[in-house]
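# Breakdown of the fold
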Amino acid sequence: MAGKQPTTGTRTEKLTDTLLARLEPAEKQYQVNDTERRGLMVRVMPSGVKSFCIRYTTKDGTRERYTIGRWGDITLTQAREEAKQKLAEATIGKKPQEERQAAKRARSLPTLRQYVEGDYREHLRAHLRRAEETERRMLSVFGEELGDMRLDKITAWHVEKWKAKRLKCVTKHTAQRDMADLKSLYTTAAAQLGIESPMGAVKTIKPPKDERVRYLEDDERERLLGALAERDARL
């Protein structure tokens, strides 16, 4: 039929809106490389979907493809600008496809509250006899300030802000123990989710010079939490 573009595996010509409109789907996908923006191509799927992509070579020699978006959702001009930016990033060692995948994984990371009520709950149950009390305490201590923040979005600044507020209502020793709990949570989250902990950049709480500090052993802490839970039940 006149006006239709022949479909082949790969060909090269200047992309235009007129050309894009005339590209017909085939039994197998094919691509047309752009002569104006080197590295940019449009991929035509059997379904008729036409997507802008780039191909680039990483510094270790790996060939990768990055999909910019569908024609119709973005314009040819926008695709060329995006291709220019991503190809420039690739030349300095960045990996656009890996960065997109990392961003996608990050969006699926839990908030602190979701983590405490999910995977970390299972961790607590596996290591503490009174895991439920520890879970309730952590949600009570951190929930208002940090609970609804995604774990990877909580920075040292946020923890410092929480610490300053906490120190107005509890002793330094209590706040220090809370900090240890949060550090333990992030140690587990780093192993399970591959995120970085902000706790290394948080200043430690120095106890008064005239006081000696002794932290409770795990069994002592469990007995204390149990006694507090029984007391609360009677109130």
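This write-up is about the structure you can find in this document.

The rules behind each value
- Residues numbered from 1 in each chain as written.
- Predicted model: local features only at pLDDT ≥ 70, side-chain atom pairs only at ≥ 80, totals over all residues.
- Heavy atoms only, no water.
- Pairing = 2+ DSSP bridges.
- Helix = DSSP H or I, 4+ residues; strand = E, 2+ residues; numbered from the N terminus.
- Axes fitted to C-alpha atoms, helices over the stretch in contact; angles between N-to-C directions.
- Contact = heavy atoms within 4.5 Å.
- Buried < 20%, exposed > 50% of the residue type's maximum accessible area, 1.4 Å probe, protein only.
- Salt bridge = Lys/Arg side-chain N within 4 Å of Asp/Glu carboxyl O.
- Phe/Tyr/Trp six-rings, centres within 6.5 Å; stacked < 30°, edge-to-face > 60°.

A word on the sheet that holds strand β4 (residues 50-57). What the five strands build is an open sheet, ordered β1-β2-β3-β4-β5; its pairing is mixed. Strand pairing shows two members of the sheet lacking a second neighbour, β1 (10-12) and β5 (63-70), which therefore form its edges. Strand after strand, the sheet turns through a mean of 30° between neighbouring axes, direction not considered. Helix-sheet contacts for helix α2 (residues 76-91) involve β3 (40-44), β4 and β5, and the interaxial angle to β4 is about 20°.

Turning next to the side chain of E89. Relative to the elements of secondary structure, E89 occurs in helix α2. Accessibility expressed as a relative area gives 13% for E89, which makes it buried. In this view, E89 contacts K94, P96 and E99; residues no more than four positions away in its chain are not counted.

This brings us to the side chain of R80. Along the chain, the position of R80 falls in helix α2. Sequence-distant contacts of R80, defined by excluding residues within four places in its chain, comprise K14, L15, D34, E36, R37 and L40.

Moving on, we get to the pattern of salt bridges. Scanning all chains against the criterion turns up 16 salt bridges. Salt-bridge contacts for E36 lead to K14; the nearest nitrogen and oxygen are separated by 3.4 Å. Of this pair, E36 sits in the loop between β2 (30-33) and β3 while K14 sits in the loop between β1 and α1 (17-22), and the two are 22 residues apart along the sequence. Take K14: its relative accessible area is 46%, and that puts it in the partly exposed class. Among the salt bridges present, the one from K165 reaches E144, with a minimum N-O distance of 3.4 Å. Of this pair, K165 sits in helix α7 (residues 156-166) while E144 is found in helix α6 (residues 131-146), placing the two residues 21 residues apart along the sequence.

With that out of the way, let us pick up the environment of A83. Relative to the helices and strands, A83 resides in helix α2. Among the residues examined, A83 registers a relative accessible area of 0% and is labelled buried. The spacing of A83 and R38 is 45 residues in sequence and 8.8 Å in space, taken between C-alpha atoms. If near-sequence neighbours (up to four positions away) are discounted, A83 is found in contact with R37, L40, I54 and I68.

Taken as a whole and judged by the stated rule, the model has two aromatic pairs. Seen from their ring centres, Y115 and Y120 are 5.5 Å apart, and the 25° between their planes marks the pair as stacked. When sorted by exposure, Y115 lands in the same class as Y120, which is buried. Centroid distance F142 to W162: 4.9 Å. Interplanar angle 40°. Geometry classified as tilted. Of the two residues, F142 sits in helix α6 while W162 sits in helix α7, which places them 20 residues apart along the sequence.

Function-wise, these values are silent; they only describe arrangement.
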